[in-house]
Amino acid sequence: MIKLLKRLFGMKRYFIVSYTFNTISKASGNGFICIYTRGFYASKQSIAQNVGYSDETKEIIVESIVINNIIELSKRDYYDFCSKH
């Protein structure tokens, strides 16, 4: 019931996602991104779009992104972690 109400009212859900990627220059690496959604679980498409649109990640091949882990956090924990990184 609570999940249904969160979806109906579009409450924000906060995630930290770790991923692996390949670059245009044939290098590979790991990274993480802090994202939030409106009531839904973070999808691979939304994660790839957020990673692909970041100024720091222009060389990343978006199709090569592999999600290693998705952690859902409370709003306070999310802001504590993401403001430090």
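The coordinates are above.
First things first, this report covers the structure right here in the doc. None of these values were measured; they are calculated from a predicted model.

Analysis parameters
- Residues numbered from 1 in each chain as written.
- Predicted model: local features only at pLDDT ≥ 70, side-chain atom pairs only at ≥ 80, totals over all residues.
- Heavy atoms only, no water.
- Helix = DSSP H or I, 4+ residues; strand = E, 2+ residues; numbered from the N terminus.
- Contact = heavy atoms within 4.5 Å.
- Areas by Shrake-Rupley, 256 points an atom, 1.4 Å probe, with all protein chains shown as cover.
- Buried < 20%, exposed > 50% of the residue type's maximum accessible area, 1.4 Å probe, protein only.
- Core = buried A, V, L, I, M, F, W, Y, C linked by side-chain atoms within 4.5 Å.

## A look at the overall build of the protein chain
Looking only at helices and strands, the protein chain features 3 helices and 3 strands. Listing every helix and strand of the protein chain by position from the N terminus yields α-β-β-α-β-α. Residue pairs in contact within the protein chain that sit at least 24 positions apart in sequence constitute 62% of those at least 6 positions apart. Of the roughly 6,300 Å² that the protein chain leaves accessible, carbon and sulfur atoms contribute 55%.

## Some points on unusual backbone geometry
Backbone geometry at K26 places phi at a positive 70°, although glycine is not the residue there. Tracing the sequence through the fold places K26 in the loop between β1 (12–22) and β2 (28–38). Given the relative accessible area of 79%, K26 is considered exposed.

## Concerning the environment of I35
Relative to the assigned elements, I35 resides in strand β2. Given a relative accessible area of 6%, I35 falls into the buried group. Here the alpha-carbon distance between I35 and Y14, two residues 21 residues apart in the chain, equals 6.2 Å. In contact with I35, not counting residues within four places along its chain, are R13, Y14, F15, V17, A42, S46, I47, N50 and Y78.

## Thoughts on the side chain of S64
Relative to the elements of secondary structure, S64 occurs in the loop between α2 (44–52) and β3 (66–73). The buried category is assigned to S64, whose relative accessible area is 17%. Ignoring anything within four residues of it in the chain, the contact list for S64 reads T20, F21 and N22.

## Description of the nonpolar core
Judged by nonpolar contacts, F15, V17, Y19, F21, I33, I35, A42, I47, A48, V51, I60 and I65 together constitute the single largest core of 12 residues. Sorting the residues of this core by element identifies β1, β2 and α2 as the ones contributing at least two each. Looking at which element gives the most residues to this core, the answer is β1, with 4 residues. Once you skip the residues sitting within four places of it in the chain, A42 turns out to touch F15, I35, T37, I47 and I70.

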